[in-house]
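Inside the fold
Chain by chain, the residues:
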Amino acid sequence: MDAIVLLKDDHKTVERLFKQFEKAGPKAHKEKQKIVGQVIEELTAHTYIEETIFYPAARADVPETGGHVLESVEEHHVVVWMLSELKKLDPADEHYDAKMTVLMENVRHHVEEEEQDWFPKVREALGRKRLQELGERMAEAKSEAPRDPLKIPSAAR
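If you're wondering where the values come from, they're calculated on a predicted model, not measured in any experiment. (Residues numbered from 1 in each chain as written. Predicted model: local features only at pLDDT ≥ 70, side-chain atom pairs only at ≥ 80, totals over all residues. Heavy atoms only, no water.)

Inspection of the secondary structure puts His11 in helix α1 (residues 3–23). The class of His11 is buried, set by a relative accessible area of 8%. Polar side-chain contacts of His11 include one of 2.6 Å to the side chain of Glu115. Residue contacts for His11: discarding those within four places in its chain leaves His46, Glu50, Val111, Glu114, Glu115 and Phe119. (Helix = DSSP H or I, 4+ residues; strand = E, 2+ residues; numbered from the N terminus. Buried < 20%, exposed > 50% of the residue type's maximum accessible area, 1.4 Å probe, protein only. Polar contact = N/O pair within 3.5 Å; in protein donor to acceptor, adjacent residues only side chain to side chain. Contact = heavy atoms within 4.5 Å.)

Turning to empty space enclosed by the protein, a few remarks are in order. Tallied over the full model, the rule gives one cavity of 30 Å³ or more. Space inside the largest cavity adds up to approximately 100 Å³. Lining the largest cavity, in full, are Asp10, His11, Val14, Leu43, His46, Thr47, Glu50, His76, Val79, Val107, His110 and Val111. When residues of the lining of the largest cavity are traced back to their parent elements, those giving at least two are α1, α2 (29–61), α3 (66–88) and α4 (96–142). Of the residues forming the lining of the largest cavity, the biggest block, four residues, is contributed by α2. Residue composition of the lining of the largest cavity, by class: five nonpolar, five polar and two charged. (1 Å grid on protein atoms, 1.4 Å probe; cavity = no way out; pocket = protein on both sides within 12 Å on 5 of 7 lines; lining within 4 Å. Points joined across faces, edges and corners; volume = space filled by probe spheres on them. Nonpolar A, V, L, I, M, F, W, Y, C, P; charged D, E, K, R; others polar.)

Let us now look at the packing of α2 against α4. Put simply, α2 and α4 touch, their axes get as near as 8 Å, and they point 40 degrees apart. In this view, α2 runs oblique relative to α4, as classed from their interaxial angle. Between α2 and α4 lies a crossing whose hand is left-handed. Split by residue class, the contact of α2 with α4 holds 23 nonpolar, two polar and eight charged. (Axes fitted to C-alpha atoms, helices over the stretch in contact; angles between N-to-C directions. Parallel < 35°, antiparallel > 145°, perpendicular 65-115°, else oblique. Left-handed = near helix turned anticlockwise from the far one by under 90°.)

Structure, rendered in structure tokens:
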């Protein structure tokens, strides 16, 4: 699979989960907790493969994306800490929905920047064969990704 296609598929999966969360009623605590658990799992694995495989390749092979990569890592830092907080927070807590809303806003902004601003540049520069090679590595690495958001490299930045 092509690396960018894999990342976009992840983005779609997370967006579907966000919409499920938004549709859940204000008292649907158990449902929301289940959705948030899936979001944590998806975003933790996604962030891991971006930071350990995709971003280093993009930065090395497409130097003009360096600023985007650095900004993305900082956005990841915020997201993984929010994920770790949501993981521990009781879904009945009055801050739960607010924290999830802020997380969704951050992730949606991040996705828009990646897909609109710099994925096209990376696709053009790397080409099909290199993107497929990266995609295979990323798909394999997903199963090895940490489950704890704070084990993602950007968490320590």
